[in-house]
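Descriptive analysis of the structure
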Amino acid sequence: MTGEALRSRDLRKTYLTKGAPEVEALAGVSLEVRRGERVALLGRNGAGKTTFLRIASTLLRPTSGTIEVFGHDGDRAPEKVRPYIAVVPQEGKPFFHLTPREQVYTYLRARGLARETAKARTESALDQMGLGDFADRLAITLSGGQRQRTMVATVIATEAPLLFLDEPTIGMDPFARRAVWKCLRGLTQRGSTILLTTHYLDEADALSDRLYIIEHGRVLVDGTAEDLKRSVGGTLKVTIPNGRRELERFRGFGSVVADQDAVTVIVAPERLGELMDVAVRAGLAATVGPVTLEEAFLRVVGRSINED
Ligand SMILES: Nc1ncnc2c1ncn2[C@@H]1O[C@H](COP(=O)(O)OP(=O)(O)O)[C@@H](O)[C@H]1O
Ligand SMILES: [Mg+2]
């Protein structure tokens, strides 16, 4: 294992489908993931996240550009890369005729782990994913969230040097999502590296050491969640539901977004008192909260992450 955990240079992918227009899913993506890092690709539906992950995990070939995993060329020598990685694909499902316990154990054995190790890792992963009560039920009888937990358990149990997770917490309840986050943090503390995709801003914020915002197959920005939030130009967000009639006065306090009657002002803490004063005098209610990745995303992409 040499080099960074992962590095792509000008990676491009154009899908050619007979009878349909071609789709440029990746338009030159260059990024790195250092060893031991948790990196998130954050983007809207169709941004190109899954395409990147599929190429990085040797499931798909790029149209051009390079992808390296621990110094091995993922396109020319995928067989060198595969032993180091494990993947939770988007919409991957456990085998319906296996139970979660069988699924995880069988997968570990297929990867060459010894019986005892596979057994211990299986129990630990099932436990961490809260699957204890369902571990011996056929996957076909499990809910969507339980199946997704089984998929995550399967991959975390590998403790592979580089884990790829495509929207790992989709369909999970908040409790299960937190269990996944905790588990992934534990894995990087023990030396694994993680690349995940998500369209959940809270997940990118809570989980990533660094994130890349992707839109239309391009990286628009990268940095820590804190960097991105700071780039919004203030740390507090004041929402004034009927603020439009005082819009001009609010503009003096920082960047302002008006949506119908509501106004949102991004403001530095030093100016909060003054701003609240203006609102109160005008008879307007206002609520204060921290700037989140939502504002950062909106600023960088120009659209909300959930907008179609
Ligand atoms: N197999 C495919 N054939 C043709 N187009 C595809 C295929 N897979 C994805 N696309 C298109 O490529 C773009 C990027 O998709 P995807 O990588 O799945 O994005 P994301 O995971 O960010 O939602 C989308 O426009 C999507 O419709
Ligand atoms: Mg996807």
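These figures come from a predicted structure and were not determined experimentally. (Residues numbered from 1 in each chain as written. Chains lettered and ligands numbered in written order. Predicted model: local features only at pLDDT ≥ 70, side-chain atom pairs only at ≥ 80, totals over all residues.)

Scanning the protein from N- to C-terminus turns up eleven helices and 14 strands. Principal-axis analysis of the C-alpha atoms gives the protein an extent of 70 × 45 × 40 Å. Taking all 308 residues of the protein together, the buried fraction comes to 42%. Residue pairs at least 24 apart in sequence account for 67% of intrachain contacts in the protein once pairs closer than 6 positions are excluded. (Helix = DSSP H or I, 4+ residues; strand = E, 2+ residues; numbered from the N terminus. Buried ≥ 20, exposed ≤ 12 C-beta atoms within 10 Å, placed from the backbone. Contact = placed C-beta atoms within 7 Å.)

Moving on, we come to the domain arrangement of the protein. Here the protein is partitioned into domain 1 (6-229) and domain 2 (233-290). Here the C-alpha centre of domain 2 lies 40 Å away from the C-alpha centre of domain 1. (Domains from an automatic or database assignment.)

Another point: the site of ligand 1. The environment of ligand 1 is formed by Tyr15, Thr17, Val23, Ala25, Gly43, Asn45, Gly46, Ala47, Gly48, Lys49, Thr50 and Thr51. Counting residues per element, the shell around ligand 1 draws most heavily on helix H1 (residues 49-56), at three residues. Here the shell around ligand 1 is built from residues that sort into four nonpolar, seven polar and one charged. (Near = placed C-beta within 6 Å. Nonpolar A, V, L, I, M, F, W, Y, C, P; charged D, E, K, R; others polar.)

Moving on: the environment of Ser8. In this fold, Ser8 is placed in strand E1 (residues 6-15). Remark: the alpha-carbon pair of Ser8 and Ser57, spanning 49 residues in sequence, is separated by 12 Å. Residue contacts for Ser8: discarding those within four places in its chain leaves Val29, Ser30, Leu31, Ala56, Gly65, Thr66 and Ile67.

Relative to the assigned elements, Cys183 resides in helix H6 (residues 174-189). What makes Cys183 partly exposed here is the crowd of 17 C-beta atoms within 10 Å. Along the chain, Cys183 and Val104 lie 79 residues apart, while their C-alpha atoms are 16 Å from each other.

Attention now moves to unusual backbone geometry. In this structure, Thr58 is a non-glycine residue whose phi angle is positive, near 65°. Checked against the element boundaries, Thr58 lands in the loop between H1 and strand E4 (64-69). For Thr58, a count of 21 C-beta atoms within 10 Å gives the class buried. Of note in this structure, Glu91 is not a glycine but carries a positive phi near 55°. As for its placement among the helices and strands, Glu91 is situated in the loop between strand E6 (85-88) and helix H3 (100-110). Here Glu91 falls in the exposed class, since 11 other C-beta atoms lie within 10 Å of it.

With respect to the element layout, Val267 can be found in strand E13 (residues 262-267). A residue is classified by how many C-beta atoms lie within 10 Å of it, and Val267, with 24 of them, is buried. Those residues in contact with Val267 that lie beyond four places of it in its chain are Gly234, Leu236, Val238, Phe253, Gly254, Leu272 and Leu275.

Moving on, we come to the sheet that holds strand E3 (residues 38-43). Sheet architecture is open: six strands sit in the order E6-E7-E8-E3-E9-E10, paired in mixed fashion. The open sheet is flanked by E6 and strand E10 (218-223), the only strands paired with a single partner. Here the average twist between neighbouring strands, direction ignored, is 15°. Note: E3 against strand E9 (residues 210-215), five bridges, orientation parallel. Across the sheet, the residue bridging to Leu41 is Tyr212, located in E9. Contacting E9 and E10, helix H11 (residues 293-301) runs over the sheet at an angle of about 45° to E9. (Pairing = 2+ DSSP bridges. Axes fitted to C-alpha atoms, helices over the stretch in contact; angles between N-to-C directions.)

Attention shifts here to the nonpolar core. Within the largest apolar cluster, 71 residues are counted, with the highest numbers of intra-cluster contacts made by Ala153, Val155 and Leu163. Here this core takes five residues from helix H5 (residues 144-156), the largest share from any one element. Residues in contact with Leu163, not counting those within four places in the same chain, are Ala86, Val155, Leu187, Ser192 and Ile194. Core analysis: the next-biggest nonpolar cluster, separate from the first, contains nine residues, Val263, Val265, Val267 and Ala279 among them. (Core = buried A, V, L, I, M, F, W, Y, C linked by C-beta atoms within 7 Å.)

This paragraph deals with the packing of H5 against H6. The packing of two helices is summarised by the inter-axis angle and the distance between the axes. Between H5 and H6, the shortest axis-to-axis distance is 11 Å and the interhelical angle comes to 5°. What the angle tells us is that H5 and H6 run roughly parallel. Across the interface between the two elements, Gly145, Arg149, Val152 and Ile156 of H5 pack against Ala176, Val180, Cys183 and Leu187 of H6. Of the residues belonging to the contact of H5 with H6, the class tally is six nonpolar, one polar and one charged. (Parallel < 35°, antiparallel > 145°, perpendicular 65-115°, else oblique.)

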